[in-house]
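Okay, here's what each chain looks like letter by letter:
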Amino acid sequence: MQLPIYKYHGAGNDFIVVDSLTQAPPPLTDAAVGALCDRHTGVGADGLLVLEPHPSYAFALRYHNADGRPGSLCGNGARCAVALAHRLGRFGASNTFTAYDGPHRAVVHSPTDIEVEMHAPAKVTPTPEGYFLDTGSPHLVIEVGVGLMGYPVASEGVILRYDARFGPGGANVNFVQPLGPGRFAIRTYERGVEAETLACGTGIAAAGWAQAQKQGLVPPWALTFDALGGTLVLRYTGSELWLRGPVAAVFTAQVEVQA
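Here is a short report on the structure shown in this document. As the structure is a computational prediction, the values presented were derived from the model and not from experiment.

## Observations concerning the pattern of salt bridges
Okay, so step 1: By the definition in use, this model includes 15 salt bridges.
Okay, so step 2: A salt bridge links aspartate 46 to arginine 39; the nearest nitrogen and oxygen atoms lie 3.0 Å apart.
Okay, so step 3: The partner of arginine 165 in a salt bridge is aspartate 163, and the shortest N-O contact between them spans 3.0 Å.
Okay, so step 4: Judged by its relative accessible area of 41%, arginine 165 is partly exposed.
Okay, so step 5: Overlapping salt bridges bring together Lys7, Asp14, Arg39 and Asp46 as one network.

Here's what the structure looks like:
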C-alpha cells in the first residue's frame, strides 16, 4: 500500500504525519506504525500522527508512539498537527482540535511558530525524586542542580520510566536544571520512544507547572525551556496554560506500507 506522509518536527521532536482530512484514513496496524517510525529500517520518527475529521472540531488527533502503540497526548506532535492542518486550509489563525485528553485551542502565529493550549494538571504529587503530574501524559519531573548536559538521562530515565508507582503504563522522566530567573534547561526520557528525545511538549508543561507550584508563582507567568532541539515557552494566564515553540516541515513522501 502506498501512503502519502508528511514529516514534521517541533523543536527536534519529529513525527510522521498522515492526512486523513482530505483523503481516506489508512488501515495502519500498530506493527506498520512501528515499522515506519524505526530509524534504521523505516522513515524514522518519535511517533506518528493521524489527522481525522471531527463533526465539532477542526480535526481529531490520533497519536501513536514510536513503538507503534496508541499514545496519549503529545504536545509537540499537536503543534505539528496544527501546522499541517493550517497548510491544508483546515485550520485558520486560531481554532480548536480534539485529542486523547479532550479539546485544545491553538494559535498559528506563523507556519513555523505554533502555540497550543494545554490542560493544567489536576494535582502535583511530590515524590522522593521530585514531582509526578499528568499534562495529558504522565510525567516525573526531577530537578538537577548543575551539569544537566552531562547527566545520565538514558540510564536514569529507563529505570524510573517503568517504576510501578506511576501506573501500568509508566511515566516519562524529565530532568530540569535552573539557568536563571524564569529559564530552565530540560532533557526528557520518553516512554513509547524508550529513549531520550530532543524535546517533549507535555514534559515542558509538566516541568513548568511543577516549578510554578514549587516557587509559588502568581499568574500571569511565563517560563522558558531550552530543550536539546530548541526553545519553548510555557505561559499561564491564571485560567489558560499555553505551550509555544518552533515547528518545521521537513519533507513529503510516498512510502510503501505493509498491510
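Moving on, there is more to tell.
## Points about the environment of glycine 229
Okay, so step 1: With respect to the helices and strands, the residue glycine 229 is situated in the loop between strand E14 (221–227) and strand E15 (230–236).
Okay, so step 2: On the basis of relative accessible area, glycine 229 is assigned to the partly exposed category, the value being 30%.

## Considerations on empty space enclosed by the protein
Okay, so step 1: Inspection of the entire model under this criterion finds one cavity of 30 Å³ or more.
Okay, so step 2: Forming the boundary of the largest cavity are 14 residues, of which Tyr63, Asn65, Leu73, Ser137 and Glu190 lie nearest the centre.
Okay, so step 3: Those elements giving two or more residues to the lining of the largest cavity turn out to be strand E4 (60–65) and helix H4 (201–215).
Okay, so step 4: Of the residues contributing to the lining of the largest cavity, the split by class is four nonpolar, eight polar and two charged.

## Re the packing of aromatic side chains
Okay, so step 1: Summed over the entire model, instances satisfying the criterion amount to nine aromatic pairs.
Okay, so step 2: When the centroid spacing of 4.9 Å and the interplanar angle of 80° are considered together, the rings of tryptophan 209 and tyrosine 236 count as edge-to-face. Linking tryptophan 209 in helix H4 with tyrosine 236 in strand E15, this pair joins segments that are 27 residues apart in sequence. In this pair, the class of tryptophan 209 matches that of tyrosine 236, namely buried.

## So, the pairing of strand E10 (residues 138–143)
Okay, so step 1: Along E10, five of the six residues are buried, which leaves the element largely enclosed by surrounding structure.
Okay, so step 2: Where strand E9 (residues 131–134) folds back on E10, the antiparallel hairpin that results is connected by three residues, among which glycine 136 adopts a positive phi of roughly 105°.
Okay, so step 3: Here five bridges tie E10 to strand E11 (residues 172–180), and the two strands are oriented parallel to one another. Paired with valine 141 across the bridge in E11 is asparagine 174.
Okay, so step 4: Tracing the backbone out of E10, into helix H3 (residues 153–161) and back to the parallel element E11 gives a crossover that is right-handed.

Analysis parameters
- Residues numbered from 1 in each chain as written.
- Predicted model: local features only at pLDDT ≥ 70, side-chain atom pairs only at ≥ 80, totals over all residues.
- Heavy atoms only, no water.
- Salt bridge = Lys/Arg side-chain N within 4 Å of Asp/Glu carboxyl O.
- Buried < 20%, exposed > 50% of the residue type's maximum accessible area, 1.4 Å probe, protein only.
- Helix = DSSP H or I, 4+ residues; strand = E, 2+ residues; numbered from the N terminus.
- 1 Å grid on protein atoms, 1.4 Å probe; cavity = no way out; pocket = protein on both sides within 12 Å on 5 of 7 lines; lining within 4 Å.
- Points joined across faces, edges and corners; volume = space filled by probe spheres on them.
- Nonpolar A, V, L, I, M, F, W, Y, C, P; charged D, E, K, R; others polar.
- Phe/Tyr/Trp six-rings, centres within 6.5 Å; stacked < 30°, edge-to-face > 60°.
- Pairing = 2+ DSSP bridges.
- Right-handed = clockwise from strand over helix to strand, strands pointing away.

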